[in-house]
Amino acid sequence: MSEQNKISINDLHRLALQELENDAIQEINSDLYNSISKFLKNLKNEKHDGVEGKINQAMIGMITDITSTLLKLRLEKATLGNSNKSVLLDEEKYILDSSAEMAERRETILSGILKGEPYNLDTR
């Protein structure tokens, strides 16, 4: 991993705060989630005892919580529809694509039920 793609817990905290403080989805590094994944993998591979081990586990917990919050915030903004979705990262678009597919399926099923023409799942 190159130096410029490394992330620290401080960087992640700053990104989450910026996302929280703005109504629009913030533009962030397209490699963010890969950087976080590599960071967590490295922390999990480090073996520490005593206080250092507890600090390591606390950092893993904080990174996990901040990442979850950041992703949730960004997806919530995107589903509200008043944000620029072009700044979403590929992972976020992938999640939203499944939401769109679910909405289409729901409408198909509901429409058929309401028209008296139930959708036959066996003929898909």
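Residues numbered from 1 in each chain as written. Predicted model: local features only at pLDDT ≥ 70, side-chain atom pairs only at ≥ 80, totals over all residues. Heavy atoms only, no water.

Draft legend 1. A look at the pattern of salt bridges. A full pass over the atoms with the stated rule returns six salt bridges. Glutamate 76 is paired through a salt bridge with lysine 72; the nearest N and O atoms lie 4.0 Å apart. Remark: lysine 72 and glutamate 76 occur in helix H3 (residues 50–80); sequence separation between them is four residues, near one turn of the helix. Glutamate 101 is the salt-bridge partner of arginine 105, the closest N and O atoms lying 2.8 Å from each other. In this pair, arginine 105 and glutamate 101 both sit in helix H4 (residues 90–114), four residues apart, roughly one turn of the helix. Of the residues examined, glutamate 101 reaches a relative accessible area of 40% and is grouped as partly exposed. (Salt bridge = Lys/Arg side-chain N within 4 Å of Asp/Glu carboxyl O. Helix = DSSP H or I, 4+ residues; strand = E, 2+ residues; numbered from the N terminus. Buried < 20%, exposed > 50% of the residue type's maximum accessible area, 1.4 Å probe, protein only.)

Draft legend 2. Representation of the nonpolar core. Ile7, Leu12, Leu32, Ile36 and Ile63 are the most contacted members of the largest nonpolar core, which totals 17 residues. Of all the secondary structure elements, the ones that give two or more residues to this core are helix H1 (9–21), helix H2 (32–45) and H3. The element best represented in this core is H2, accounting for six residues. Isoleucine 7 has contacts with Leu12, Leu15, Leu32, Ser35, Ile36 and Phe39, leaving out every residue within four places of it along the chain. (Core = buried A, V, L, I, M, F, W, Y, C linked by side-chain atoms within 4.5 Å. Contact = heavy atoms within 4.5 Å.)

Draft legend 3. The arrangement of H2 in detail. An ideal rise of 1.5 Å per residue puts 20 Å on 14 residues; H2 measures up with 20 Å between its terminal C-alpha atoms. On its buried face, H2 sits against H1, H3 and H4. (Expected span 1.5 Å × (residues − 1).)

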